[in-house]
Structures are given as structure tokens and as C-alpha cells.
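Take a look at the letters that make up each chain.
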Amino acid sequence: MSAQDKRPPGGGPGRGPGGPGGPGFGPPGMMMPAQKAKNFKGSFRRLLGYLRPYRFKLLAVLLTAILSTVFSILSPKILGHATDKLFNGIMAKLNGEAGASIDFAGIWQIVVLLAGLYVVSSLFSYVQQFLMAGVAQRTVYSLRNEVSAKLNRLPLKYFDTKTHGEILSRVVNDVDNIANTLQQSLTQMITSLVTLIGIIVMMLTISPVLTIILVLTLPLSFLVIKAVAGRSQVYFKKQQEELGRLNGHVEEMYTGHSIVKAFGREEKSKAAFGEINERLYHAGWRAQFVSGVIMPLMSFIGNIGYVAISVVGGILVTKRSITVGDIQAFIQYARQFTMPITQTANIANIIQSTIASAERVFELLDEEEERPEEQGRLKSSDVHGDVRFDRVRFSYKAEEPLIDNLSIDVRSGQTVAIVGPTGAGKTTLVNLLMRFYEVSDGSIAIDGNDISKLKRGDLRSLFGMVLQDTWLFNGTIRDNIAYGREGATEEEVVQAARAAYADHFIRTLPDGYDTVLNEEASNLSQGQKQLLTIARAILADPAILILDEATSSVDTRTEIHIQQAMNRLMEGRTSFVIAHRLSTIRDADRILVMNKGTVIEQGTHEELLAQGGFYAELYNSQFSSGAAVSATS
């Protein structure tokens, strides 16, 4: 996965506390610029479609959010009444009024009422979060299942044209981004909007004049925000670019650290790291400094508003237009006023990023799938192994045919070697046979059954594959071998390992068959990994074998053992061998020589050498190269 793909979804620097857009920071829209969706409305409506089954729960979320916020908003106003009772009692005593006292009983009643409001508000907030968590996780659960099912229906060409990092980014990062937004940002958006409306209403009920004074400070705030945000986002973009370069350099250097050391390039690597790190430092420092300037500026503007409110409010109190408690409540509302605006602006940016993520997921879901499954069945035990390619045509691009009018007849039990230069179509031939790709024209049949009429799972179960690039997953050696056949017994696993000459080295490992392989199986040599994949193929006991230079990663002595095991395995089975070293296919029943998607020669090793054609030239060039190497070594 690329460095960009590893970034947390939906943001970059400045998402946390203290950074632009972080909690309590104040300025709206100061996050990293979000990736924009190409079709915001369409993708937004489609995402809402996933929420439709939970509309009643969402209605309950909306109701509880409103109730929780309303109870919270009422608190400053009620607290103002307590201040009035305290103020009026003190003023009555100072004025020497008879029987004057502070109404502590009334104040305590207000305090109890406030405590009750806070408890009820928290209770509704808890119910809101509980309901939204269920809705969000259920929605994303459905989306993940849909994505997983889609990946299983996509043709191989999709994975050939997309990097692993890009696919993982869509399946993991983008889906997680949607989950986080549904869980947190959606409820926060509802709460912020209700809070903003509620605060404006409450301020207007206290004093329209003071409300106008506060609102007049907003344009100045937005001008400051726009000016600073414009400059800081340039630096944040630069910071993100340099961070991507730094991550890419570190990943590359530490993945290939043995090569770096072998060629003595440590100092050059450190110098490159230092140069990128220096640029990242300057970009990050400027970004944080410029964005940090906005806090004191916003505080300065806010304080001007508070001073104006206090002065005008004091005048209104002397005229008995409003009470001291109202001034106190209004100042509390004024302090809360900018917070929902900030949150709404930031959440709008997050939602923009989320819709972009949803759009990327929807693009995957809309990809062209494999042809619909046919219901034809073919059991491995019933297969003889006759394979026929009848006038097969295939092209990745319509204007550039790769295989043109290819016809081959392979009889049961034959070993067919496929040779030719790079790009000749050798691997494509095998991919067509297993229906990883569909033929553009013509047909392929096994025992007279057109493979396009068979269920793909049944078809592929007929084949056993051993590829040049080994594939082992994180698990024990036993599990990796047993992957070849479901329900394989311990004895069958061991027998397969012995047949592949892997049993000996497995037993020399500390945990034997229980040895756990890590992600890249780096605790085994390349040759040992290849032996395990061969053991897996032997256990599968397939009707047809496909071997792609399966012995290229082992030493000469091991190759002899493997070749013997392979000869036993191939007895009575149709086998397709993609060969790069022509010395390994001398005993093949038939050799197909391919060039530019067409079989240009076919026959046995001796027959092709006697023809003196393309194969003979290819074989002699390899033999001469091998002789020259031997002579100089």
C-alpha cells in the first residue's frame, strides 16, 4: 500500500486537538481540503439508500438529539433566574429593605432543576449514541458484505489493472471513513444545527439588540478565517506531499534494506531521508504557525463582542430592560454561539470527504462483473482430461488481439509444454482455460463440455496449480498444505509433504508442522516455500495440472527430487507446463511454441529440434548461454 493509502481516512494533518479543525479550535473550515466527489448529489442519495431500512431508528436519533440539545440550551436561561434571585436579594439588603433576604430555597430549587435537566439531557444523548452506533455499524456491515461479494464476482482483469493498495484503500479506508462519519459526524451535525438554532432563538428572547451586536462580529471572523485558511491550506498541502514522500522513502528503504546494505548506499539513503525530513519540517512548521495565528485573532474578535455586549447590556440593565441574570445567560450563549458554526463547517468538510469515499466504493460496486454463472456441473472424478481449444480469439483491448484463431487438441494424460518469448500468450492461455478471462470468440472444452457452460467453482476445482511465485498465508505449515483439499486428514497432509520431498525439512523446524508462517513466510527459504505449494497441489489430487516453472526456485538436487514427484503426480493426468528453461520439458508429450498469441510450432522435443525452426533457435541460444556461463564460472 502506498503512503497515501495508509493515511487515516478523511483527513491529514490538523485533524486532532490543537490543529486546525480540531475540537475547540474555533475557526470553521480549517481542516485539510477534503477530496471532492464527482457527483455529490447522486452519491449522497445512494448512500442514503443504505440508511433507508433504519429510517425509524434515525427518526428516533433525530428526536433524542433535539431533546438532548434543547434541555442543554435551556440551562443558561434557568441559571440566569438563579443569578437574578441572588442579585435581587443582595440589592434588597444593600438598599435596607425590611425583611430583605436571599431566596436560597428558590436558588436550590433551580439548582435541582438544572441537575435534572443535565441528567435528562445526558440520558437522551446516551440513547442517541446507542441508536446511531447500531445504525452505523449495521449499515457498514451491509456495505462491507456487498463489497466482499462484489470482489468475488469481479474478473481477473480488474485486479490486473488496479494496485493492491488502491483496492485495499477502497475496501478498508473508504468504508471506515463512511463508518466514522455515520457514527460521529452525522449526530454531531444534527446536534450542532439544533444547538445553533436554539441559541439564536434563546438570544432573541433575551435581547434582539444584543443578538444583532453579536451577529455583526461574524463577518469580521469569517474574513479572518478566509485569509488565514487560504494561506495555511497551501502549507498543509505541501506538508502532506512531503509526508507522502517521506513514508514512501522509508517503506522503500526498509523493505529493500538488504539491497541498500549490499550496495553500500546507507549514507545516500540517510541523506535523502534528511533532505525530505527537512522540507517536511519547514512545511509543517509554517502550516501549524499560520493556522495557529487564527486562535488569538478569533479570541480578540470574540472579546470585542463580549465587551460590546457587556457595555450595552449594562446600559439595558440600568434601564431595567433586561436583568443581570439575562446578561449572564446571554454571555454564556454568546460563548457557545461560534462552537456549532465551527463544528458544522468542519463536519461539512468531513461529509464532502465521506461522499468522495462513498463514490470510490460505489465505483467498485459498479464495475463490470464476470459473465453470469451457468448451471453446468462437472465432477473431478468424471473428468478424463481431453482439452480442446477451437478457433479461440482473445484480446485485452478490442483493437489489439493477443490470441488469434488458436486451435489445440490435447488428449487425456498428455503433458503439454508451452514455450515462447515474453508476451507470447503462455500465461493468457492458462487464464483462459481456468476462465479467469473469457474468450472473445471460439470455445474451450474439457471432455467435450464447453467450459463457458460450467460453474466457475466446479471448473476451477478440476485444476491444480503450482506457480513460480509462491503464495502462502499466515498460519501453520499444516494449514497451508491442507489448503489444497478441504477436510484433509493429518496423514494425507504428511503423505503429500513426503511426496513433495518437504517432510524432512518440515520436521527439522522447531515446531514441525505446527510452525507458524508469517505474512511473507520469511522464516523459510524460497525453495522451501515452493516445496510447500507443490505439496498442496499433490494433496488437491486434481484432474488437470498447471505448472509454471515450478522448480525454478530450488537447487539442482531438490529439483531432481521435485521432478520425480511431479512425474508421479502427472501420471494419467493432463498437464500444462509453462516452461522458461527448455531443458526441463524434453520429455513432454507435446511442446507448443507460441509467438504473438499463435501456436507457430508443435511437436516433441526431438521433432522440433529436427525442424530447425523457432524452437530450435530458442533452445540452442539457451544451451549456448548455459555452456558459456559454465565455462566462465
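Positions within a chain are numbered from 1, following the residues in the order the chain's sequence is written. Given that the model is predicted, a residue must reach a pLDDT of at least 70 before its local features are reported, and side-chain atom pairs must reach 80 or more before they are shown or counted; all residues, however, enter totals for whole chains, interfaces and linings. Hydrogens and waters are ignored; side-chain quantities use all the structure's heavy atoms.

As recorded in an unreviewed UniProt entry, the chain goes by the name ABC transporter ATP-binding protein, listed as coming from Cohnella fermenti. Per UniProt, the chain carries the Subcellular location (unreviewed entry) text "Cell membrane". UniProt positions are given in the numbering used here, feature names are shortened, and annotations may be inferred rather than shown by experiment.

A. Structural detail: the confidence of the model for the chain. As a per-residue measure, pLDDT reflects the predictor's confidence and takes values from 0 up to 100. Residue-level pLDDT values for the chain average 79, and 88% of them are 70 or greater. Put simply, helix H18 (residues 614-632) is where the chain has its lowest mean pLDDT, 63, and helix H12 (residues 477-482) is where it has its highest, 91. In what follows, a contact means two residues having at least one pair of non-hydrogen atoms within 4.5 Å. Confidence drops under pLDDT 50 across residues 1-33; counting only partners more than four residues distant or on other chains, this segment forms 91 contacts. Every residue in residues 625-633 is under pLDDT 50, and counting partners more than four places away or in other chains gives zero contacts. The secondary structure listing takes helices from DSSP runs of H or I that are at least 4 residues long and strands from runs of E that are at least 2 residues long, numbered from the N terminus.

B. Geometry of the pairing of strand E4 (residues 441-446). A pair of strands is considered paired only if DSSP assigns at least 2 bridges between the two. Inspection of the sheet shows strand E1 (residues 387-394) paired to E4 by five bridges, in the antiparallel sense. For valine 387, the partnering residue across the bridge sits in E4 and is isoleucine 446. Pairing of E4 with strand E5 (residues 449-450), which is carried by two bridges, proceeds in the antiparallel orientation. Within E5, the position partnered with isoleucine 446 by the bridge is asparagine 449. Joining the antiparallel neighbours E4 and E5 is a turn of two residues, in which aspartate 447 adopts a positive phi near 55°.

C. A look at the UniProt feature "transmembrane region" (unreviewed entry) in the chain. The residues that UniProt annotates with the feature "transmembrane region" (unreviewed entry) are residues 54-74, 107-127, 186-204, 210-229 and 289-317. For the annotated span residues 210-229, helix accounts for 100% and strand for 0% of the residues, and the straight-line distance between the end C-alpha atoms is 29 Å.

D. Layout of the packing of helix H13 (residues 490-499) against helix H15 (residues 526-540). Axis lines are fitted through C-alpha atoms, for helices just across the contact stretch, and the angle between N-to-C directions can take any value from 0 to 180 degrees. One can describe the packing of H13 onto H15 by two numbers: an axis separation of 8 Å at closest approach and a directional angle of 125°. As summarised for this structure, H13 and H15 are arranged oblique, according to the angle between their axes. Crossing of H13 against H15: the hand is right-handed. Each of Glu492, Val493, Ala496, Ala497 and Ala499 in H13 lies in contact with H15, whose residues at this interface are Ala535, Ile538 and Leu539. Of the residues in the contact of H13 with H15, the class split is seven nonpolar, no polar and one charged. The labels follow the angle: roughly parallel below 35 degrees, roughly antiparallel above 145, roughly perpendicular from 65 to 115, and oblique for the rest. Handedness of each helix crossing follows the sense of rotation of the near helix against the far helix: counterclockwise by less than a right angle gives left-handed, clockwise gives right-handed. Any residue outside Ala, Val, Leu, Ile, Met, Phe, Trp, Tyr, Cys, Pro, Asp, Glu, Lys and Arg is labelled polar, Gly included; the first ten of those are nonpolar and the last four are charged.

E. Here's a closer look at H13. Relative accessible area decides the class of each residue, using a 1.4 Å probe on protein chains only: under 20% of the type maximum gives buried, over 50% gives exposed, and in between gives partly exposed. Taken together, the buried positions of H13 are Val493, Val494, Ala496 and Ala497. Here the buried residues of H13 occupy an arc of 160° about the axis, which is enough to place them on one side. Buried-residue contacts for H13 involve H12, helix H14 (503-508) and H15. Downstream of H13 by one or two residues, tyrosine 501 has phi in the positive range, about 60°. Taken from the helix axis, the directions to the C-beta atoms give the arc we talk about.

F. Spatial organisation of a nonpolar patch on the surface. Residues with no salt bridge and a relative accessible area higher than 30% make up the patches, which join like charges within 9 Å and nonpolar side chains (Val, Leu, Ile, Met, Phe, Trp, Tyr) within 5 Å. Per-residue and other accessible areas follow the Shrake-Rupley method at a 1.4 Å probe size, with only the shown protein chains counted as cover for residues. Salt bridge, as applied in this entry: a Lys or Arg side-chain nitrogen positioned within 4 Å of an Asp or Glu carboxyl oxygen. A contiguous nonpolar patch, built from Leu86, Phe87, Ile90, Met91, Leu94, Phe104, Trp108 and Val111 and spanning about 780 Å² of accessible area, is present on the exposed surface. Note on placement: methionine 91 falls in helix H2 (residues 55-94). We classify methionine 91 as partly exposed; its relative accessible area is 32%.

G. Geometry of the sheet that holds strand E12 (residues 598-603). Read from one edge of the open sheet, six strands run E6-E9-E10-E3-E11-E12, paired in mixed fashion. Since the sheet does not close on itself, it has two edges, and those belong to strand E6 (463-466) and E12, each with one partner. Taking each pair of neighbouring strands and ignoring which way they run, the sheet shows an average axis angle of 20°. Of the pairings in the sheet, the one linking strand E11 (residues 590-595) to E12 comprises five bridges and is antiparallel in character. For methionine 594, the partnering residue across the bridge sits in E12 and is valine 599.

H. How the structure looks around the sheet that holds E4. One open sheet holds the four strands; their spatial order is E2-E1-E4-E5, and the pairing between them is antiparallel. Each of the sheet's edge strands pairs with one partner strand only, and the pair in question is strand E2 (403-410) and E5. In the packing of helix H10 (residues 426-433) onto the sheet, contacts are made with E1, E2 and E4, and the angle to E1 comes to roughly 115°.

I. Looking closely at the pattern of salt bridges. As enumerated under the stated definition, the model contains 24 salt bridges in all. The shortest N-O distance in the salt bridge between arginine 144 and aspartate 176 comes to 2.6 Å. Of this pair, arginine 144 sits in helix H3 (residues 104-153) while aspartate 176 sits in helix H5 (residues 164-206), placing them 32 residues apart in sequence. Using a relative accessible area of 36% as the deciding quantity, one classes arginine 144 as partly exposed. Of the residues examined, aspartate 176 reaches a relative accessible area of 26% and is grouped as partly exposed. Put simply, arginine 388 and aspartate 390 hold a salt bridge, and the shortest N to O gap is 3.9 Å. A relative accessible area of 39% places arginine 388 in the partly exposed class. Each of Lys238, Glu242, Arg245, Glu275 and Arg279 takes part in a single network of salt bridges with overlapping partners.

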